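Chain by chain, the residues run as shown.
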Amino acid sequence: MVDADEESSIVLTPDTYTSAHVSWEISAAKKAELWQQGGTQLVVRLYDVTGIDLSYQSPQVVQQYECAETAHDRFVEIPLNDRDYIAEIGYIAYGEHWLFIARSAIVRVFSPVKPDPIVDDVAIPAETAIGLVDADEESSIVLTPDTDTLAHVSWEISAAKKAALRQQGGSQLIVRLYDVTGIDLSHQTPQLVKLYESEETENDGLVDIPLNDRDYIAEIGYIADGDRWLFIARSAIVHVFGSVNPDPVVDDVAIADKTDVDLVDVQQESSIVLTPRTFQWAEVSWEISEAKKAALRQQGGSQLVVRLYDVTGIDLSYQNPQFVQQYECEETAHDRFVEIPISDRDYIAEIGYVADGDAYGGKLRWLFIARSAIVRVFSPVPTDSTTDPTVENVALLSETAVGLANVEAETVPEESSIVLTPRTPKWAYVSWHISKAQSEALHQQGGSQFVVRLYDVTGIDLSYQSPQLVQQYESEEVARDRFVAIPVSDRDYMVEIGYIADGDRWLLIARSANVRVFSRAYGDFWFVADAELIIHGATQPNTSVNIGGHAIKIKPDGTFHLRLPFSDGLMDYLITVAADGESTRTIHKKFSQETSES
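As the structure is a prediction and not an experimental result, all values here were calculated from the model. (Residues numbered from 1 in each chain as written. Predicted model: local features only at pLDDT ≥ 70, side-chain atom pairs only at ≥ 80, totals over all residues. Heavy atoms only, no water.)

Peer 1: Please explain the overall build of the protein chain as it appears in this structure.
Peer 2: In terms of regular secondary structure, the protein chain is built from 4 helices and 39 strands. Counting every position in the protein chain, which comprises 598 residues, the buried fraction comes to 44%. In the protein chain, the share of contacts with a sequence separation of at least 24, taken over all contacts with a separation of at least 6, comes to 67%. Total accessible area computed for the protein chain in this model is approximately 29700 Å², and 49% of it derives from carbon and sulfur atoms. (Helix = DSSP H or I, 4+ residues; strand = E, 2+ residues; numbered from the N terminus. Buried < 20%, exposed > 50% of the residue type's maximum accessible area, 1.4 Å probe, protein only. Contact = heavy atoms within 4.5 Å. Areas by Shrake-Rupley, 256 points an atom, 1.4 Å probe, with all protein chains shown as cover.)

Right, dumping it as structure tokens:
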């Protein structure tokens, strides 16, 4: 399993057209590292990136929010809608210096939907952009598919918002469901499907889905005199898939009989996520409400189970996927790893309970809880035509796929990863992390030379085509990053890291996402400066050189060198030379750099 201490991330999710939710995870190791570099205040920054090419242009900082160390999320204000935004999290050091941690994907925040030309949308009272938005003033609504015919709606409405809309004549709280399939909400009006009256004290309920395999949104607001619509909040767009019939010998049992007359009181939603980690392994994580667990146990649910299905080429609205594997899970568990039997195929994961089947002819009943989105698991990239086709890609673990096996909690090594970040049209920054277990495993398989490879993947479908190998860089194991040259801009690239073994075999460790490297637009004023540190020296031949705890290769004449990107902060290296296994010499070098922007 991935070592959580090695992962940091941030997610930006539009909540309404005036606010968005930001959530983040920061590893303890990253926090400690940035504190040592002078980081004092954890900060979330919101940027407007509309029409911005982030490979060479700087986005506009819109707002900055100071956050507590213990916080994991917050709301931010959206100043203008129908624009693109990203969120960053990091530390402020020495008053102005920005210590970056993670950045979200680009998110579009649309204008509010005007569902009916005879209904007036009332804007939310204007709010002043300040450092910390008062969370009590935020209102939101979330639509979550529960089955192929029902969806769960939950909402939060601030007391101030309710009071303001009641003063404007709001008399009845309403949830509206819209069909937005094929609709561009920036200029088109969706189809109003159903509306549900709700009590002021309610915070969630169930809505009926008339047709599956379509896109929906939910809105909440008040109806005022004259059928005026006083808008409060709108959900994200959600696709509701057709029902999965996973196994002809297992009966799918509905959780409960429900009607669409009123909103049914339901506890928090349940969900499951399938995330590929390698071409042989995927991580499954889930959240199940205690109310859902209790309801299914009352229906006879005895064993919590994760199921993996192959859905390649399957239309889930009327076809049954192929049941692949089933894993028993502990009630207290929230995630686990599952084995991928064949790569270059599509998979989903389901979670539910297996119940006794005495009343159903002896067949086990399947009590469904949640299903993941469809995920493609790709094969490792065949790197070039000269590489031995028997290249060994090393899995983190081996595990036997069983049916209903009582699987104990596994200890899975931390994940290895590599990231490619364009700096200019001519060069890019590559950083990586390699798990100790994977490094040792590849050494045992003959891995001798640590290598970074750059590929041109423009127009390439990596599921069945081979990219063009552009450059290869030999690196020392002490290195954790480097710069690579970009031969041609306005093309897509990716990087791999691995070992070269006997016979030029390629032992893959990790591969980055595809990244577009853009040309600089004419007329733009821009400036980028990077630096590299080169440690070079010489000693007697046939001795061993160690830098930072890692062996460094020396040439036959006794010379050696190490080339590294020069990052801000302290770079501390202890260089040791040993001869005959006894005599040693040590040199301690410290380097520091501070970058100021004005």
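Now that the structure has been shown, we can carry on.
Peer 1: Hey, could you run me through the pattern of salt bridges in this one?
Peer 2: When the charged atoms of two side chains with opposite charge come close together, those side chains can pair. A full pass over the atoms with the stated rule returns 14 salt bridges. Across the salt bridge formed by Asp84 and Arg108, the nearest N and O atoms sit 3.4 Å from each other. Of this pair, Asp84 sits in strand S6 (residues 83-93) while Arg108 sits in strand S8 (residues 107-109), placing them 24 residues apart in sequence. According to the relative accessible area criterion, Asp84 is buried, its value standing at 18%. On the basis of relative accessible area, Arg108 is assigned to the partly exposed category, the value being 33%. Between Glu200 and Lys162 there is a salt bridge, and its shortest N-O distance comes to 3.8 Å. Placement of the pair is Glu200 in the loop between strand S12 (191-198) and strand S13 (204-208) and Lys162 in helix H2 (residues 159-167), with a sequence separation of 38 residues. Here the salt bridges share partners, and the residues they tie into one network are Lys162, Arg166 and Glu200. (Salt bridge = Lys/Arg side-chain N within 4 Å of Asp/Glu carboxyl O.)

Peer 1: Before we go on, may I ask you to explain the sheet that holds strand S30 (residues 481-485) in this structure?
Peer 2: Backbone hydrogen bonds hold the strands of a sheet together, and the pairing may be parallel or antiparallel. The 3 strands are arranged S26-S27-S30 in an open sheet whose pairing can be described as antiparallel. A single partner strand is all that each edge strand has here, and the edge strands are strand S26 (417-422) and S30. Across this sheet, the average inter-strand angle for adjacent strands is 25°, counted without regard to direction. Looking at chain direction, strand S27 (residues 427-433) and S30 are connected through 5 bridges and run antiparallel. Residue pairing in the sheet places Ser431 in a bridge with Asp481 of S30. (Pairing = 2+ DSSP bridges. Axes fitted to C-alpha atoms, helices over the stretch in contact; angles between N-to-C directions.)

Peer 1: Could you clarify how one ought to interpret the sheet that holds strand S22 (residues 335-339) in this entry?
Peer 2: Read from one edge to the other, the open sheet built from 3 strands follows the order S18-S19-S22, with strand pairing classed as antiparallel. Of all the strands in the sheet, the pair left with one neighbour each is strand S18 (271-276) and S22. Shown here is a sheet whose adjacent strand axes are inclined to one another by a mean of 25°, direction ignored. By the bridge criterion, 6 bridges tie S18 to strand S19 (residues 281-287) in an arrangement that is antiparallel. Directly across from Pro276, in S19, lies its bridge partner Ala282.

Peer 1: What is the right way to read the packing of aromatic side chains from this model?
Peer 2: Describing an aromatic ring pair means giving the distance of the ring centres and the angle of the ring planes. Counted according to the given criterion, the structure contains 4 aromatic pairs. Plain terms: the ring middles of Tyr429 and Phe483 are 5.6 Å apart, the flat faces sit at 55° to each other, and that makes the pair tilted. Residue Tyr429 is found in strand S27, and its partner Phe483 is found in strand S30; the two are separated by 54 residues along the sequence. With 5.9 Å between their ring centres and 70° between their planes, Trp432 and Phe450 make a pair best called edge-to-face. With a gap of 18 residues between them, Trp432 in strand S27 and Phe450 in strand S28 (residues 449-456) connect regions that are remote in the sequence. Taking relative accessible area as the criterion, Trp432 reaches 6% and is therefore assigned buried. Ring pairs connect the aromatic residues Trp432, Phe450 and Tyr499, which therefore count as one cluster. Above the plane of the ring of Trp98 lies Arg45, whose end atom (NZ or CZ) is 4.0 Å from the centre. Over the ring of Trp506 we find Arg453, and its NZ or CZ is 4.0 Å from the ring centre. (Phe/Tyr/Trp six-rings, centres within 6.5 Å; stacked < 30°, edge-to-face > 60°. Lys NZ or Arg CZ within 6 Å of the ring centre and 35° of its normal.)

Peer 1: Which parts of the structure should I look at to understand the nonpolar core?
Peer 2: If you look at soluble globular proteins, the nonpolar side chains tend to sit buried side by side. Leu420, Val430, Trp432, Ile497 and Ile509 are the most contacted members of the largest nonpolar core, which totals 34 residues. Ranked by residues supplied to this core, first place goes to strand S31 (residues 491-501) with 5 residues. Beyond its immediate stretch of four places on either side in the chain, Ile497 contacts Ile418, Trp432, Ile434, Phe450, Val451, Val452, Trp506, Leu508, Ile509 and Ala510. (Core = buried A, V, L, I, M, F, W, Y, C linked by side-chain atoms within 4.5 Å.)

Peer 1: Quick question: what am I supposed to make of the side chain of Ser154 here?
Peer 2: Position of Ser154 relative to the elements: it lies in strand S10 (residues 150-156). Exposure remark for Ser154: the relative accessible area of 18% places this residue in the buried category.

Peer 1: Could you clarify how one ought to interpret helix H3 (residues 290-298) in this entry?
Peer 2: Along an α-helix, residues three or four apart share an orientation, since each turn contains 3.6 residues. Lys292, Lys293 and Leu296 are the residues of H3 that are buried. Across the axial projection of H3, the buried residues extend over an arc of 100°, all falling on one side. In H3, those exposed residues whose orientation departs by more than 90 degrees from the buried face are Glu290 and Gln298. Buried-residue contacts for H3 involve strand S20 (301-310), strand S23 (345-355) and strand S24 (365-371). The positive-phi residue at the C-terminal boundary of H3 is Gly300, with phi of around 105°. (Arc of directions from axis to C-beta.)

Peer 1: Explanation requested: the environment of Glu77 in the structure shown.
Peer 2: By the element assignment, Glu77 lies in strand S5 (residues 73-77). Between the alpha carbons of Glu77 and Glu138 there is a distance of 9.4 Å; along the sequence they are 61 residues apart.

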